[in-house]
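Close look at the chain arrangement
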Amino acid sequence: MAARILATPPDGSGLKPVTGAPGLPYIGQTLQVMRNPFGTATKRYKQFGPVSWSWLLGRRTVTVQGPEAAEIVLVNRDKAFASGPAWSYYIGPFFRRGIMLLDFDEHLHHRRIMQQAFTRDRLRAYMTAMAPGIGRGLDAWTPGDRFTVLGHVKQLTLDLAVDVFMGVDLDRAEADRINGAFVDAVRAGTAYVRFPVPGLRWQRGLRARRVLEDFFRAHLPAKRRDGGDDLFAALCQAETDDGHRFTDDDVVNHMIFALMAAHDTTTITLTTMAYYLAKHPEWQERLRDESLALGKPELAFEDLDRLTGIELVMKEALRLVAPVPALPRRAVRDTEILGHHIPAGTTVVVPLLTNHHMPEWWPDPERFDPERFARCEDKVHRYAWEPFGGGAHKCIGLHFAGMQVKSVLHQWLLRYRWSVPGRYTWPLDTTSLPSPKDGLPVRLDPLEAS
């Protein structure tokens, strides 16, 4: 398909136009990007370079590949890019006014309050609270030849979110209802039909949002009154030095967004780690020996830095399968990226999932090699590895995420050994957040019997 330019740069600017192969209006490369993101990214980089455009989910979208372009957009030194207007198009109706959908002074104001819920003391309390739940969840697993990792990990992370984030006692039916609402809300963001047709993703997402709002509003008065060591209580009580606090609407919005972000991204990371540890049993044994040497059934806060093997594997899993596959922004004024003219109003996307597979920056990028982080390959550029984003919108819960992943995997390694057939390759579904289509079936054995 012949290349076309997005817009003509202003006379005398010295800027180049952004070129691309837009495809059909509205649809463009949507299907190719969702079904084969790696092949599509490689092809467009070779054809158009690091900055190109196409239609994507109904928007004229500029995709920027590589860490140099990513840094310009995410660090956003000139405040030319806004997160809220871009994310709102995809998930706004379902996760409105979450921290990622706010910008500039308002975002900074909310972030300052929210940081009170992620202090060192708070993180320590969350970790202590989650440890028994991890054990109960793992002990309930039934070993066998067709143990599906994704579903079981998803259930475990939801149960932990209920304990640590909500601090609310739920029966199984109610927990499943809330879990289903989060799934529907997340999947709605990549709906092809972006208006409420009964039975389709968009309508299910709107219904899910109502379920989640009703749930948090019902429990909010008690949290305001009684407090607690959970995130819900922390957001209700959080206050800056100058006395700023969240309104009830703020708490509900941030809880819905935070629970989605923590629940889904942790599930994807743990599932990815499980897959590669099954494919590479020598690494699974290395991590197990590390956890056994610790001599503790549950991980303590002061132990986090001692699990260096888990740290390496977690970073490599986040590189191979970024849980948030892309970060969109909206240009709020005319600007430039690597000498290319970006008109105001343009949607710009940083594709984390595929950026982490660029051979220009990562040697042998498809190979599972956790030692690459010991060799500091990620330091070749400060934005070569960016699973948590960057700049003002860098994930506020990144330390919590690492803490939870390590806590779960430590106890998992002490209880079970798991494997897959030698020729097995998981079918990764990238139409929404990345996950295995088959649920990742493994052979799960109790450690004592292995």
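From a predicted model like this one, the values you see are computed outputs, not experimental measurements. (Residues numbered from 1 in each chain as written. Predicted model: local features only at pLDDT ≥ 70, side-chain atom pairs only at ≥ 80, totals over all residues. Heavy atoms only, no water.)

**Quick look at the overall build of the protein chain**
Per the secondary structure count, the protein chain includes 16 helices and 14 strands. On C-alpha atoms alone, the protein chain measures out to a radius of gyration of 22 Å, which is about the 22 Å that the 2.2 N^0.38 rule sets for 450 residues. Taking the principal axes of the C-alpha coordinates as reference, the protein chain spans close to 70 × 55 × 45 Å. Here the protein chain displays about 19,000 Å² of accessible surface, and carbon together with sulfur accounts for 53% of that area. Averaging the positions of the 56 positive and the 53 negative side-chain charges in the protein chain gives two centres separated by 5 Å. (Helix = DSSP H or I, 4+ residues; strand = E, 2+ residues; numbered from the N terminus. Rg over C-alpha atoms; globule rule 2.2 N^0.38 Å. Areas by Shrake-Rupley, 256 points an atom, 1.4 Å probe, with all protein chains shown as cover. Lys, Arg positive; Asp, Glu negative; His and termini not counted. Charge placed at Lys NZ, Arg CZ, Asp CG, Glu CD.)

**What to know about the nonpolar core**
Trp412 and Trp418 are the most contacted members of the largest nonpolar core, which has 129 residues in total. A total of 17 residues in this core trace back to one element, the largest contributor, which is helix H11 (residues 248-279). Tryptophan 412 has contacts with Leu138, Trp141, Val149, Val153, Leu270, Ala274, Trp418 and Leu444, leaving out every residue within four places of it along the chain. (Core = buried A, V, L, I, M, F, W, Y, C linked by side-chain atoms within 4.5 Å. Buried < 20%, exposed > 50% of the residue type's maximum accessible area, 1.4 Å probe, protein only. Contact = heavy atoms within 4.5 Å.)

**Here's the deal with the environment of arginine 382**
With respect to the helices, strands and loops of the structure, arginine 382 is situated in the loop between helix H15 (371-374) and helix H16 (398-415). Distance in space between the C-alpha atoms of arginine 382 and alanine 70 is 10.0 Å, their sequence separation being 312 residues. Apart from the residues lying within four places of it in its own chain, the contact partners of arginine 382 are Glu71 and Arg77. Among the polar contacts made by the side chain of arginine 382, one reaches the side chain of glutamate 71 at a distance of 3.3 Å. (Polar contact = N/O pair within 3.5 Å; in protein donor to acceptor, adjacent residues only side chain to side chain.)

**Let's talk about the environment of glutamate 366**
With respect to the helices, strands and loops of the structure, glutamate 366 is situated in the loop between helix H14 (352-355) and H15. The residues contacting glutamate 366, other than those within four sequence positions of it, are Leu320 and His357. A polar atom in the side chain of glutamate 366 sits 2.9 Å from the side chain of histidine 357.

**Remarks on the pattern of salt bridges**
Applying the stated criterion across every chain yields a total of 34 salt bridges. Residue arginine 245 pairs with glutamate 239 through a salt bridge whose shortest N-O separation is 3.9 Å. For arginine 367, the salt bridge goes to aspartate 364, with nearest N and O atoms at 2.8 Å. Given the relative accessible area of 44%, aspartate 364 is considered partly exposed. (Salt bridge = Lys/Arg side-chain N within 4 Å of Asp/Glu carboxyl O.)

**Describing the packing of helix H12 (residues 281-294) against helix H13 (residues 308-320)**
Here H12 crosses H13 at 140 degrees, and the two axes come no closer than 8 Å. When the axis of H12 is compared with that of H13, the two are oblique. Contact residues: H12 offers Trp283, Arg286, Leu287, Glu290 and Ser291, while H13 offers Thr308, Gly309, Ile310, Leu312 and Val313. In the contact of H12 with H13, the residues fall into 5 nonpolar, 3 polar and 2 charged. (Axes fitted to C-alpha atoms, helices over the stretch in contact; angles between N-to-C directions. Parallel < 35°, antiparallel > 145°, perpendicular 65-115°, else oblique. Nonpolar A, V, L, I, M, F, W, Y, C, P; charged D, E, K, R; others polar.)

**Some remarks on the UniProt feature "binding site: heme" (unreviewed entry) in the protein chain**
In this numbering, the UniProt entry assigns the feature "binding site: heme" (unreviewed entry) to Cys395. Setting aside residues up to four positions removed in sequence, cysteine 395 forms contacts with Arg111 and Phe388. (UniProt positions renumbered as here; feature names shortened; annotations may be inferred.)

**Brief notes about the side chain of arginine 330**
Mapped onto the secondary structure, arginine 330 falls in strand E7 (residues 327-331). Aspartate 103 provides the closest opposite charge to the buried, salt-bridge-free arginine 330, at an N-O distance of 9.8 Å. A distance of 3.4 Å separates the side chain of arginine 330 from the backbone oxygen of proline 85, its partner in a polar contact. Look past the residues within four positions of arginine 330 in its chain and what remains in contact with it is Arg59, Ala80, Phe81, Ala82, Pro85, Ala86, Gly345, Thr346 and Thr347.

**Points about the sheet that holds strand E11 (residues 416-419)**
Within a sheet, each strand pairs with its neighbour through backbone hydrogen bonds, oriented either parallel or antiparallel. Pairing in this open sheet of 3 strands is antiparallel, and the strands run E6-E14-E11 from one edge to the other. Looking along the sheet, the strands with just one partner apiece sit at the ends: strand E6 (144-148) and E11. Averaged over all neighbouring strand pairs, the angle between strand axes comes to 45 degrees, with direction disregarded. Direction of pairing for E11 relative to strand E14 (residues 441-446): antiparallel, over a ladder of 4 bridges. In the sheet register, arginine 417 faces E14, and the bridge partner there is aspartate 445. (Pairing = 2+ DSSP bridges.)

**A look at the environment of alanine 392**
Relative to the helices and strands, alanine 392 resides in the loop between H15 and H16. Considered as a pair, alanine 392 and arginine 77 are 315 residues apart in the sequence and their alpha carbons are 9.8 Å apart. The residues contacting alanine 392, other than those within four sequence positions of it, are Leu74, His107 and Arg111.

**Quick look at helix H9 (residues 201-226)**
Spanning 26 residues, H9 covers 37 Å between terminal C-alpha atoms, matching the ideal 38 Å at 1.5 Å per step. Remark: the principal bend of H9, roughly 40 degrees, maps to leucine 220, with a proline, proline 221, within the next four residues. When we look at burial in H9, the residues that qualify are Trp202, Gln203, Gly205, Ala208, Arg209, Leu212, Glu213, Phe215, Phe216, Leu220 and Lys223. For H9, the secondary structure elements touched by its buried residues are helix H4 (84-95), helix H7 (149-166), helix H8 (172-188), helix H10 (231-237) and H11. (Expected span 1.5 Å × (residues − 1). Bend = angle between axes of the 7 residues up to and from the residue.)

**Focus: the packing of aromatic side chains**
For the coordinates displayed, the defined rule picks out 20 aromatic pairs. Relative to phenylalanine 388, the ring of tryptophan 385 lies with its centre 6.4 Å away and its plane at 80 degrees, an arrangement referred to as edge-to-face. One aromatic cluster in this structure is built from Tyr275, Tyr276, Trp283, Phe368, Tyr424 and Trp426. Between the NZ or CZ atom of arginine 59 and the centre of the ring of tyrosine 89, over which it lies, the distance is 3.8 Å. (Phe/Tyr/Trp six-rings, centres within 6.5 Å; stacked < 30°, edge-to-face > 60°. Lys NZ or Arg CZ within 6 Å of the ring centre and 35° of its normal.)

**Thoughts on a nonpolar patch on the surface**
A cluster of nonpolar side chains, namely Leu24, Tyr26, Ile27, Leu31, Tyr192, Val193, Phe195 and Leu200, defines an oily patch on the protein surface of about 710 Å² accessible area. When you line up the elements, leucine 200 lands in the loop between H8 and H9. Given the relative accessible area of 37%, leucine 200 is considered partly exposed. (Patch = residues over 30% accessible without salt bridge, like charges linked within 9 Å, V, L, I, M, F, W, Y side chains within 5 Å.)

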